[in-house]
Amino acid sequence: MRQLWPDAATLDDRQLEDLYTYPADERWLVVNFVSSADGAVELDGTARGLSTPADQEVLKLGSDLADVMLVGATTAMAEGFRGKHPDTATRERRLRHGLSEVPPTAVVTSGDSLPADAPVITEAETPTIVITCATAPGEKLNAWREAGADLLITGMGSVNLATATKSLAERGLRHVDCEGGPHLFGGLLAAGLVDELRLTVSPMLVSGSHSRIATGELFDTLELELASVVSEEGAMMMRYLVQS
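Notes on the structure in this doc start here. All of these numbers come straight from a predicted model, not from anything done at the bench. (Residues numbered from 1 in each chain as written. Predicted model: local features only at pLDDT ≥ 70, side-chain atom pairs only at ≥ 80, totals over all residues. Heavy atoms only, no water.)

## Quick look at the sheet that holds strand 5 (residues 105-108)
Here's step 1: Judged by pairing direction, the sheet is mixed, and its 11 strands sit side by side in the order 2-1-10-11-9-3-8-4-5-6-7 without closing on themselves. Two strands bound the open sheet, and with one partner strand each, they are strand 2 (9-10) and strand 7 (150-153).
Here's step 2: Packing against the sheet, helix 8 (residues 182-190) makes contact with strand 3 (28-36), strand 4 (68-72), strand 5, strand 8 (175-178) and strand 9 (196-202), and its axis sits at approximately 140° to strand 3. (Pairing = 2+ DSSP bridges. Helix = DSSP H or I, 4+ residues; strand = E, 2+ residues; numbered from the N terminus. Contact = heavy atoms within 4.5 Å. Axes fitted to C-alpha atoms, helices over the stretch in contact; angles between N-to-C directions.)

Set out below in structure tokens:
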């Protein structure tokens, strides 16, 4: 894969891994998105149609090196999330970095959008953390528990994302890899919780009336600092640091 910024170079696998490693001594929350060149964030209902092999490679690095994966319930259902199922290379990589063998997935939901038999709960190798709020129906809470989920309740009528990420950090889950969707990204931005955006621009034009990568609450404009750009087969993988 070619690095275009900050220095032009051809990166081997270990150099690419180093580029996408989380800061060792800091809590760090990364959000990943892929979009078409004209800004669409899904194709035929999922982001998968926009992805490229290079995008999948850097997306895999994000989850391989994270303490926990974070996803909104609607995205988890639409994309068929099953939690992390590490291959041999991932297990070896996580071992080298002193990480648990299988990172948990944390799913954000107010209650209605996540059925108890969702694959992200029932097919996960390690218990999925369901982050929800106090007004979630009691029968749904019980069903999640019976399905094997670990519940984290924050906020009353909606999930308090600041409290949720703090609670994850208190569990030792300090490096968070968020894989969408747009409403969760918007909420994390509004709460001042995003440290880094990893955005892939896929070499496709889609047109139509697709949503943007962040939706929901309004907030003051945030400046981004370009940290790196790598490219392969026309796809541009950019890392931006969010300026406070």
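## Structural notes on the side chain of T109
Here's step 1: When you line up the elements, T109 lands in the loop between strand 5 and helix 5 (119-122).
Here's step 2: Residue classification places T109 among the buried positions, given a relative accessible area of 2%.
Here's step 3: When neighbours within four sequence positions are excluded, T109 is seen to be in contact with A73, L114, V130, I131, T132, C133, W144 and V159. (Buried < 20%, exposed > 50% of the residue type's maximum accessible area, 1.4 Å probe, protein only.)

## Let's talk about the environment of G186
Here's step 1: Note on placement: G186 falls in helix 8.
Here's step 2: By relative accessible area, G186 is classed as buried at 1%.
Here's step 3: Counting along the chain gives 29 residues from G186 to T215, while the straight-line C-alpha distance between them is 5.0 Å.
Here's step 4: G186 has contacts with A214, T215 and F219, leaving out every residue within four places of it along the chain.

## Regarding a negative patch on the surface
Here's step 1: On the surface, a cluster of negative charge is contributed by D12, D13, D18 and E57.
Here's step 2: With respect to the element layout, E57 can be found in helix 2 (residues 53-64).
Here's step 3: Classification of E57 by relative accessible area gives partly exposed; the value is 31%. (Patch = residues over 30% accessible without salt bridge, like charges linked within 9 Å, V, L, I, M, F, W, Y side chains within 5 Å. Areas by Shrake-Rupley, 256 points an atom, 1.4 Å probe, with all protein chains shown as cover. Salt bridge = Lys/Arg side-chain N within 4 Å of Asp/Glu carboxyl O. Lys, Arg positive; Asp, Glu negative; His and termini not counted. Charge placed at Lys NZ, Arg CZ, Asp CG, Glu CD.)

## Here's the deal with the layout of surface pockets
Here's step 1: Roughly 390 Å³ of volume is contained in the second largest pocket.
Here's step 2: In terms of lining, the second largest pocket is formed by 15 residues, of which the most central are F185, L189, R212, A214 and F219.
Here's step 3: Looking at side-chain class alone, the lining of the second largest pocket contains 10 nonpolar, 3 polar and 2 charged residues. (1 Å grid on protein atoms, 1.4 Å probe; cavity = no way out; pocket = protein on both sides within 12 Å on 5 of 7 lines; lining within 4 Å. Points joined across faces, edges and corners; volume = space filled by probe spheres on them. Nonpolar A, V, L, I, M, F, W, Y, C, P; charged D, E, K, R; others polar.)

## Examining the nonpolar core
Here's step 1: Ranked by internal contacts, the top residues of the largest apolar core, which has 31 residues, are L29, V31, L70, I131, F185, L188 and V194.
Here's step 2: Counting residues per element, this core draws most heavily on helix 8, which supplies 4 residues.
Here's step 3: Excluding anything up to four places from it in sequence, F185 contacts V31, F33, V194, L197, I213 and A214. (Core = buried A, V, L, I, M, F, W, Y, C linked by side-chain atoms within 4.5 Å.)

## So, the pairing of strand 6 (residues 129-132)
Here's step 1: Here strand 6 shows a buried face lined by I129 and I131 and a second buried face lined by V130 and T132.
Here's step 2: As defined by bridge partners, strand 6 adjoins strand 7 across 4 bridges and the pair is classed as parallel. By the bridge assignment, V130 is partnered in strand 7 with L151.
Here's step 3: Of the crossover connections in this fold, the one passing from strand 6 over helix 6 (residues 138-146) to the parallel strand 7 is right-handed. (Right-handed = clockwise from strand over helix to strand, strands pointing away.)

Remember, this is a structural readout, not a statement about activity or role.
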